[in-house]
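Coordinate inspection notes
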Amino acid sequence: MIIKKKEKKLVYTQLFKDGLLVVKKEKKFFLEKEKELESIVVIKLLKCLVSKGFVKERFCWKYYYFVLNDKGIEFLRKYLNIPPNVIPLTLPLA
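What you are looking at is a predicted structure, and each value in this text was computed from that prediction instead of being measured.

A few words on the packing of aromatic side chains. What the rule picks out here adds up to six aromatic pairs. Ring plane angle 75° and centroid distance 5.3 Å describe the contact between Y12 and Y79, whose orientation is recorded as edge-to-face. Here the residue Y12 occupies a position in helix α1 (residues 5-18), and Y79 occupies one in helix α3 (residues 70-80), the gap between them amounting to 67 residues. Y79 gets classed as partly exposed once you look at its relative accessible area, which sits at 30%.

Structure, rendered in structure tokens:
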């Protein structure tokens, strides 16, 4: 499957910002009001991260739950050039 770099960066940015993504197994997936992607693209991108050990996956009743772990945070920081003081919303502020 060929995925545009712009779409990949959009999904990775949203994953890093929230720390998790919930994707319904249907035709369309909305990251924001104006940004619409096919859910199969999002699922395949995140399954690739699951196979590398950067994301944990759960599936229940037509919904995929992808949760970012510590290795994934470091990978996305390097990929998206994010400074170390920025953390995902799911991590507690210490």
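Turning to helix α2 (residues 39-51), a few remarks are in order. Residue pairs three or four apart in sequence face the same way in an α-helix, which turns once every 3.6 residues. The end-to-end C-alpha distance of α2, which contains 13 residues, comes to 18 Å, matching closely the 18 Å that a straight helix rising 1.5 Å per residue would cover. Taken together, the buried positions of α2 are S39, V41, V42, I43, L45, L46 and L49. Two residues or fewer past α2, G53 is found with a positive phi of approximately 85°.

For the rest of this paragraph, the subject is the pattern of salt bridges. Applying the stated criterion to the full structure yields two salt bridges. The shortest N-O distance in the salt bridge between E57 and K47 comes to 3.3 Å. Residue E57 is located in strand β4 (residues 55-60), and its partner K47 is located in helix α2; the two are separated by ten residues in the primary sequence. Judged by relative accessible area, K47 falls into the partly exposed class, the value being 30%. E74 is the salt-bridge partner of R77, the closest N and O atoms lying 3.2 Å from each other. Residue R77 and its partner E74 are both found in helix α3; the two are separated by three residues, about one turn of the helix. Note on R77: relative accessible area 13%, which makes it buried. Of the residues examined, E74 reaches a relative accessible area of 42% and is grouped as partly exposed.

Thresholds applied
Residues numbered from 1 in each chain as written. Predicted model: local features only at pLDDT ≥ 70, side-chain atom pairs only at ≥ 80, totals over all residues. Heavy atoms only, no water. Phe/Tyr/Trp six-rings, centres within 6.5 Å; stacked < 30°, edge-to-face > 60°. Helix = DSSP H or I, 4+ residues; strand = E, 2+ residues; numbered from the N terminus. Buried < 20%, exposed > 50% of the residue type's maximum accessible area, 1.4 Å probe, protein only. Expected span 1.5 Å × (residues − 1). Salt bridge = Lys/Arg side-chain N within 4 Å of Asp/Glu carboxyl O.

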